[in-house]
Structure formats: C-alpha cells, structure tokens
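# Descriptive analysis of the structure
What follows is the residue order along each chain.
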Amino acid sequence: MFVWCSEGHHSRSAMRLLRLTFLTYIKLVVLLFLALLGYLLYSTNFEWPKVLLTPTEQSELSIEYRPYHQFIDPKLSLEEKCRAYFTHLFKEQPDWTLTPKLGESFSHAEKTKSQDLVHLNLYNHCYMSNDFAIVPEWDEKMYPYLSRKLPVFQHWSGVQSYGKPEKGDAKIDELSVDSYKRQGVSMEPVDKGVPFWRYFKANLEGRGIIVSLSDNYVREATKLIGNLKALSNTLPIQFFHRGDLSNDGKLKLTQALMKNNEQPLFDIWFVDVSPCLNEEYKGSFGSFFNKMLAYGFNTFKEVVLLDTDVAIFKSLEDLFKTKVYKEANTLFFKDRSAELRLGEDYYQFIQDTAPSLIDHQIFNMPYISPKHFESEYFAGRYFHYMEAGLFLINRELYWNGVLMALWLSNVEPFRAATWGEKEHFWLGLVMSGFDKYKFDDYWTGNVGKLLLAEGGDRYKICSAHPAHALAETNELIWLNSGITNCHKMSDDMLRDDIEHVSDIGVDIKSKEELNKYYKQAVDFDAFIIPPDYKPGSEFPPTDGVSLCNRYYYCVYEEIGQEPDQKGKKWEFSESQIEWYKNVAEKYLSA
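Let us look at the structure shown here. (Residues numbered from 1 in each chain as written. Predicted model: local features only at pLDDT ≥ 70, side-chain atom pairs only at ≥ 80, totals over all residues. Heavy atoms only, no water.)

This model, assessed by the stated rule, comprises one cavity of 30 Å³ or more. Considered as a void within the structure, the largest cavity measures approximately 50 Å³ in volume. Considering the residues around the largest cavity, the lining is formed by Arg66, His69, Val118, Asn121, Leu122, Thr353, Ala354, Pro355, Asp359 and Met365. Among the elements that take part in the lining of the largest cavity, helix 4 (residues 111-127) stands out by supplying three residues, more than any other. Counted by class, the lining of the largest cavity contains five nonpolar, three polar and two charged residues. (1 Å grid on protein atoms, 1.4 Å probe; cavity = no way out; pocket = protein on both sides within 12 Å on 5 of 7 lines; lining within 4 Å. Points joined across faces, edges and corners; volume = space filled by probe spheres on them. Helix = DSSP H or I, 4+ residues; strand = E, 2+ residues; numbered from the N terminus. Nonpolar A, V, L, I, M, F, W, Y, C, P; charged D, E, K, R; others polar.)

So, in structure tokens, the structure goes:
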C-alpha cells in the first residue's frame, strides 16, 4: 500500500531526528567527560605501573585466581587492605581452609588450588613480613598442618629442651642408650593470638646444618659426621626425625662425633618434630618430603641442607663466602641435563599463580617479572633442574618462600611435575615472588678417570655418583649417593655387572674382583660437565649404563661441533687429587 506524506511531515520528522542525534551526542560527551574525570581522580590515589601489563598478567586465569582483589580500596593502608581481604574471604567462604589439592581433578588450570596459593601468599606477605594483628582463626585456616607446638631438641649430651636448642656437657664414656630417654618436657603451644610462623621466625639464630633422618639412615649419617670432621667443620647440626630415630641411633651418632674420645668440633642436636604436626597430618610429609620438616622447623637463619649420603670436599663455611651466595643469599646446584621436559600448561599455571604485577600494585608484594619466565628453567621446560642433596639459603631473608615450599607437596601440579621435593625448595621462592635466588652455573657432571668414547675423538667419564663442581673455581664440591664406585650391591647384581663392566674401562673378570672395586672410592683425576641436552643431537650428553642397579651414567665432553654442543673438561692438580683422596679415606673409615 502506498502512503502519501506531505513536505511538512518530512520536515517535522527530520527536525525530530536531528534533535535526538544532538541529545545523544551531548550524552556521549558528558559520559566521556565523567569517565575521564573518574580516571584522573582515581589515578591520583593509585600508583599505576610504569610498564604495561603483559598478556600473562592480563590473562583471564590470573584474574580469576584473584577474585577478591577487586574489592580492595587502593586508598587503604597495607594493614587495612590485608584485613579487608581476609575479612571478605571468610565472609564469602566461612568454611574455607587450606587443604591438599591432589589427584586428577586438580589439573593445572583448576581454580581452587591456585586461589589457595594466592590466599597463602598474601597471608604470608601481610602477616609474616609485618607485625599486623590477626584474627586467631585465620592462622589455623592457613596452616592446618600445625599443632602450634614447637619441636623437642635433644643435645648429644642428653639434655632436652622445648622450642629452642640448649647445650649440656658429658664425656663419651658417661653416655649410654638411657642417656637419651624422653624426659618430662613441658610443651605449651604458641599463643593463638600470634601467627605461629612469625613467632618462629623471630627466634631464628645463626648458621647451621640441617639433616633429615631416621634409624634407616644412621649408618650414612655417621659417615657424614666423619666427613665433616675431616673438613674441620664448626657449624652445628640439627638432625630431624619424627620419633623414628631410636636412642641407640642417637648414641651411635654421638659416638661418631666423639670418636677416640675427641672433643667435639661442633654440636649436634636430635630434633623431634612429631609434636609440631596436627594428628590429621602426622602421615603427611613422608619419603622425600621429610626434608621439608627439617627445612621449616630448624632454628637457623642461614642453613646448609644435607642429605645423609652426600660426600663433601670443601668447607661448608667457605661456601657461604662464594660469589653466588654473597650476591643472592642462595647457592643451589643443578641436576643432570636430561631429555625429560614439561608441558606449557604447567608453566602457565606457575605464571598465573605466582605473585604478579597485580599483587604488587594493590599489596606492594614482591612479584615475578615477566622476564624471569624467560630464564633457563622456564625456557627449557626442564623436569629435572635442581639437585637438592646440598644447598645453602638465607631462610630469614626468604622466609615466605620457605613457608610456601612446605605446602607445595600438597598441590597436584607440583607433586606431578617434579621428582620428589627437590624443585620445591626454589619453586617455593618463585611462588612467593622472589626472583633473586641463584644456581651455580654448572650442570651436574662426573668425576673420575678420562676414557676415550666410542670413535676415539671425545672423552667421557663414567660414575654412579652425580658430582658437583663450583663454576667460580672449578673445585669439586660434593658427590651424591656416597663415595664408593658402587654403593648398592648384591650377588645377583655383581653377576650381571661382570658382563658390562668393560663399558666403563675396567678390566675385571670375577665377582670377587668387582666386589672389591665397587667398595673403593671413586677416582679424582678429572671432571666433565656435559653440554645441555639438545633434542636432535647426534649423541646424548649423558648415557645410562647397566651397572650398579643402573646408577651408572657416562657423561661426554661434547655432543656435536656447535659451540652449545660442547661441555667442559679439566684435570685436577696433584695437590687437589691428594686432598680429595684424603677426604675420601676419612669418609670410608668413619
């Protein structure tokens, strides 16, 4: 149907449309002006970063893991922000508490486990780094594994104390198994009005050595004591157990300390941490993770953590003087460079969960810069990166990272994507916003005799022991898994090994000869650090050998002709070899 309209009707319609367009334009200008004004007013009270957020920091996951950040008024003081955050958390989730997140349902991208770590990080930042008042229930929710009781210390003399090591005095012939019987020690829990770990941190003192052990490792620990005596060690040792170190074991360790009626060069304490754990968590922190209890509950500001089976060739006091430690307050050692690599989703989880610029903006937290995620571990996607049989750290400086490391074994990605606890020590620092830690530059190598590899144009060294040299000096520092050519033997193994022992350049024809050779200390002629493993290389830098229950590995000085396919090889001087042999002899006789 055709509709006729007059010219006047068209004019009125056009005017109406023009007025609407003009009003819309005015409204848009007003809205833009208000938005700009709001931004200017807000920006005067909020310190915007001088760099743009990276895509990682802007990712939906990173924001999703921080659902309560948006409710924090930037004009508040840090103490007020902290209280506002946790008040909001427990109002929204009154039943929330930190709980283990293990199993297939807690994938890398699963939200609740990452939110847990964000909450824990912020709580540590607020209440461990500052003297702010807390609501007592908050501490219980953040550290559910704590009973709030302190460790029980027992000096080698038999003197017992609660919460703090105390010394006694005795002669070795006055001591017996009965000297270590449990005495009635009062064990009052830490007052609930004080954050437990803040109270603990306030009582840290000095430097020392920490070792986790039970009766199963007493023999190794006696050799460790002999090793440290050979190095004229003066640092005290705290041996940690959970009630699984017998009085007989304590006496044997004391006898090793005072062998031949010597005056002890250093003190040792036996530390029972079983009272520190809630009943629900008594069975947690098993196997490798026992070391975490030693890491958390020792009383030293600066520590050397040792496995019972390490052999050490340089004074531990001197390691505190190394360039790496003086610069970073850590000295970590790398593992063997191996083929195993991890997936992108694991690294994305770490980037999204670790403290970021968002946390720094609102709470002034230390945070991990995007550049850090381009470093060797993250760029290479390594499954094995740290060798944790010996390392140094200033715990007082990195305290929040220590507390984070204690919990990582309860989080699925860290349980699944790491071998035992060894990466947790340094990843605890990353997950707490610390990125100034340092590793020694060298990967794990081998010490021993130089052998010509197949083809005769490159060298290899074969050994059952990961060996660590210091990049600063090229000195041999320590071995893992003891010091003999093979530390785990059986008749069946000896019979099988006879068929393959020529692969490591040894001419042995009988089990008896092989048994004798395996009980001898390793050779100290030379050291090889293989190049980093490169997928597609003509040769592997490290190759397993069917000897000593497959503990043997051969490492090669090069795997190709490119610069990054060449490792490092050097021979030790006569005086160095003599020193290493002397230390080895005392280790074996301990």
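A few words on the sheet that holds strand 12 (residues 459-463). The antiparallel open sheet is built from four strands, whose spatial order is 11-12-17-16. Each edge of the sheet is formed by a strand with only one pairing partner; in this case those strands are strand 11 (451-452) and strand 16 (542-544). With two bridges connecting them, strand 11 and strand 12 associate as antiparallel partners. Of the residues in strand 12, the one forming a bridge with Leu451 is Lys460. (Pairing = 2+ DSSP bridges.)

With that out of the way, let us pick up helix 12 (residues 344-353). Counting buried positions along helix 12 yields seven of ten residues, so the element is predominantly enclosed. For helix 12, the full list of buried residues reads Tyr346, Tyr347, Phe349, Ile350, Gln351, Asp352 and Thr353. (Buried < 20%, exposed > 50% of the residue type's maximum accessible area, 1.4 Å probe, protein only.)

On to the nonpolar core, then. Here is a general trend for soluble globular proteins: nonpolar side chains tend to be buried in one another's company. Residues Phe86, Trp197 and Leu306 are the most contacted members of the largest nonpolar core, which totals 158 residues. Among the elements that take part in this core, helix 15 (residues 399-408) stands out by supplying eight residues, more than any other. Beyond its immediate stretch of four places on either side in the chain, Trp197 contacts Met128, Tyr143, Tyr145, Leu146, Gly296, Phe297, Trp399, Leu403 and Leu406. If you look at the next biggest cluster of nonpolar residues, it comprises 21 residues, including Ala453, Ala464, Leu494 and Ile498. (Core = buried A, V, L, I, M, F, W, Y, C linked by side-chain atoms within 4.5 Å. Contact = heavy atoms within 4.5 Å.)

All told, the structure shown has 60 aromatic pairs when counted by the stated rule. Relative to Phe270, the ring of Tyr180 has its centre 6.0 Å away and its plane inclined at 80 degrees; by these criteria the two rings are edge-to-face. One end of the pair, Tyr180, is in the loop between strand 2 (160-162) and helix 6 (196-202); the other, Phe270, is in strand 5 (residues 268-272), with 90 residues separating them in the sequence. An angle of 75 degrees between the planes, with centres 5.1 Å apart, marks the rings of Tyr346 and Tyr347 as edge-to-face. Per residue, the accessibility class of Tyr346 equals that of Tyr347, and both read buried. Geometry around Tyr347 places Arg381 over its ring, the cationic atom sitting 4.6 Å from the centre. (Phe/Tyr/Trp six-rings, centres within 6.5 Å; stacked < 30°, edge-to-face > 60°. Lys NZ or Arg CZ within 6 Å of the ring centre and 35° of its normal.)

In this section: the state of the cysteines. Throughout this description, disulfide means a covalent bond between two cysteine sulfur atoms. What the rule picks out here adds up to three disulfides. Across the disulfide from Cys462 sits Cys554; the S-S distance is 2.0 Å. Looking down the S-S bond of the Cys462 and Cys554 bridge, the torsion is 105 degrees, so its handedness is right-handed. Residue Cys462 is located in strand 12, and its partner Cys554 is located in strand 17 (residues 553-556); the two are separated by 92 residues in the primary sequence. Taking the relative accessible area as the measure of exposure, Cys554 reaches 2% and is therefore buried. The disulfide that involves Cys486 links it to Cys548, with 2.0 Å between the sulfurs. Its S-S torsion of approximately 90 degrees makes the covalent link between Cys486 and Cys548 right-handed. (Disulfide = S-S within 2.5 Å.)

Attention shifts here to the side chain of Asp267. Tracing the sequence through the fold places Asp267 in the loop between helix 8 (247-257) and strand 5. On the basis of relative accessibility, which here comes to 17%, the residue Asp267 falls in the buried class. A polar contact of 2.9 Å, which involves the side chain of Asp267, links it to the side chain of Trp156. Leaving out residues up to four positions away in the same chain, Asp267 has contacts with His155, Trp156, Lys167, Pro236 and Ile237. (Polar contact = N/O pair within 3.5 Å; in protein donor to acceptor, adjacent residues only side chain to side chain.)

Before going further, it helps to spend a moment on the packing of helix 3 (residues 78-92) against helix 4. At a minimum axis distance of 10 Å, the contact between helix 3 and helix 4 shows a crossing angle of 145 degrees. As helix 3 packs across helix 4, the resulting crossing turns out to be left-handed. Contact residues: helix 3 offers Leu78, Cys82, Arg83, Tyr85, Phe86 and Leu89, while helix 4 offers Val118, His119, Leu122, Tyr123, His125, Cys126 and Tyr127. Along the lines of polarity and charge, the residues of the contact of helix 3 with helix 4 split into ten nonpolar, two polar and one charged. (Axes fitted to C-alpha atoms, helices over the stretch in contact; angles between N-to-C directions. Left-handed = near helix turned anticlockwise from the far one by under 90°.)

Let's shift gears to the environment of Asp169. Checked against the element boundaries, Asp169 lands in the loop between strand 2 and helix 6. Counting along the chain gives twelve residues from Asp169 to Ser157, while the straight-line C-alpha distance between them is 5.5 Å.

The quantities given are spatial measurements derived from coordinates; they are silent on function.
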